[in-house]
Amino acid sequence: MTPDPTPGLPTPPPTGTSALPPDTYAGTTVLVTGGGTGLGKAVAAEFARLGADLVVASRKEEHLKAAEEELSGLGGRVLAVPCDIRDPDRITGLFDRAEAAFGLPHVLVNNAAANFPVPAEDMSPNAWRTVVDITLNGTYYMAREFARRHLAARTPGSIVNVGASYAWTGGPGYAHSAAAKAGVKNLVETLAVEWGPYGIQVNGLVPGLMPHEDMTADIRANLDRVRAADVRQPALRVGQPRELGWAATFLASPYARFISGHTLVVDGANWQRRDLVTPEVVPIREQLGRGPFTP
Ligand code: NAP
């Protein structure tokens, strides 16, 4: 038998293709937090290609501008609204603006999060609070506002919360983010049951390692320290942001209406990787290139 010339999981179809009918999201509004950068932008792009109007929300002007420039022209209209998801009042204002422009969003993608690697003993209480506040509290505030409006209007909706696989495994070097993502995953399960009777579907979506141009310097530096990321994945390759986008558009589509309370992992099985021979433990301080702990 001829050996496979391209071992590992095959590369996905090119950008611009989709498994769903082209008008799947025509007449639909999709709100994506953090949709002006990285994976959020890739997810928003896939909804737009399928005809959705987009509302993109985040704090920074340059990210909102990037969303408007890069997502307009893919399909539907794009409204970029400045909003810090830690503030429930600003979230109310965001939904008011979205409703006034395109009507109540049918789909909410809770993608915004904050993260940076740091040994737990070096983490300041403020750093802990900030990450939990954005990643967990912000996700809940957004979901709450979305659900309250749909309950009042008696209309169905779909929520996709973007998570991370260390919600299950713990995340050495990311204690704040891992704990917050565990909360986000748990919230998916609770809210799906609470809001299912009102027609609101709630799912989680977990990306694997999906490098992109907007990664923060901290995370990029951490990645750069690990050479040859591809061979460290069971797939023998990293993920492409569009692969997350395709999964999100399926989860929120009419074809996935009976899927709720589920968290879908798109990581080529990387989070399930175990080795026969346990590798040596390298302390997190060493992995992050930090010297000995100084109080
Ligand atoms: P990213 O580029 O750092 O994006 C984070 C986004 O969140 C930014 O657009 C940021 O916009 C927004 N944001 C941060 N704080 C906010 C706040 N307080 N209010 C509103 N928006 C806020 O991250 P990414 O790599 O694309 O990751 C996207 C999602 O995937 C995150 O949930 C992340 O945890 C998850 N994830 C990513 C990977 C990966 O390999 N990239 C792996 C696992 C999980 P502003 O700065 O403009 O506010």
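The following refers to the structure shown. (Residues numbered from 1 in each chain as written. Predicted model: local features only at pLDDT ≥ 70, side-chain atom pairs only at ≥ 80, totals over all residues. Heavy atoms only, no water.)

Here's the deal with the pattern of salt bridges
For step 1, the next point in the chain: Here the structure, examined in full by the defined rule, presents 15 salt bridges.
For step 2, the next point in the chain: The salt bridge involving Asp 96 is made with Arg 149; its shortest N-O contact spans 2.9 Å. In this pair, Asp 96 sits in helix H3 (residues 88-102) while Arg 149 sits in helix H4 (residues 125-153), placing the two residues 53 residues apart along the sequence.
For step 3, the next point in the chain: Relative accessible area serves as the criterion here: at 43%, Asp 96 is assigned to the partly exposed category.
For step 4, the next point in the chain: Glu 145 is the partner of Arg 149 in a salt bridge, and the nearest nitrogen-oxygen pair spans 2.7 Å. Highlighted residues: Arg 149 and Glu 145, both in helix H4, separated by 4 residues, approximately one helical turn. Here Arg 149 and Glu 145 have matching classes, each one buried. (Salt bridge = Lys/Arg side-chain N within 4 Å of Asp/Glu carboxyl O. Helix = DSSP H or I, 4+ residues; strand = E, 2+ residues; numbered from the N terminus. Buried < 20%, exposed > 50% of the residue type's maximum accessible area, 1.4 Å probe, protein only.)

Focus on unusual backbone geometry
The general pattern is negative phi for most residues beyond glycine and trans for most peptide bonds.
For step 1, the next point in the chain: For Leu 236, which is not glycine, the phi torsion reads 60° and is therefore positive.
For step 2, the next point in the chain: Taking the relative accessible area as the measure of exposure, Leu 236 reaches 37% and is therefore partly exposed.
For step 3, the next point in the chain: Its identity is not glycine, yet Ala 269 carries a phi of approximately 70°, on the positive side.
For step 4, the next point in the chain: Since its relative accessible area comes to 36%, Ala 269 is described here as partly exposed.

Describing the site of the ligand
For step 1, the next point in the chain: Residues in close proximity to the ligand total 27 residues, the closest being Thr 37, Ser 58, Arg 59, His 63 and His 212.
For step 2, the next point in the chain: Contact distances for the ligand include 2.8 Å between an oxygen atom and a side-chain N or O atom of Lys 181.
For step 3, the next point in the chain: Within the side chain of His 212, a nitrogen or oxygen atom sits 2.7 Å from an oxygen atom of the ligand.
For step 4, the next point in the chain: Within the complex, the protein chains bury 88% of what would otherwise be the 880 Å² of accessible surface of the ligand.
For step 5, the next point in the chain: Among the residues forming the shell around the ligand, the class breakdown is 12 nonpolar, 9 polar and 6 charged. (Near = heavy atom within 4 Å. Polar contact = N/O pair within 3.5 Å; in protein donor to acceptor, adjacent residues only side chain to side chain. Areas by Shrake-Rupley, 256 points an atom, 1.4 Å probe, with all protein chains shown as cover. Nonpolar A, V, L, I, M, F, W, Y, C, P; charged D, E, K, R; others polar.)

A few points about the packing of helix H1 (residues 38-49) against helix H8 (residues 241-251)
For step 1, the next point in the chain: Here H1 crosses H8 at 50°, and the two axes come no closer than 8 Å. In terms of orientation, H1 lies oblique with respect to H8. Between H1 and H8 lies a crossing whose hand is right-handed. The segment H1 lies against H8, with Leu 39, Ala 42, Val 43, Glu 46 and Phe 47 engaging Pro 241, Arg 242, Leu 244, Gly 245, Trp 246, Ala 248 and Thr 249. (Axes fitted to C-alpha atoms, helices over the stretch in contact; angles between N-to-C directions. Parallel < 35°, antiparallel > 145°, perpendicular 65-115°, else oblique. Left-handed = near helix turned anticlockwise from the far one by under 90°. Contact = heavy atoms within 4.5 Å.)

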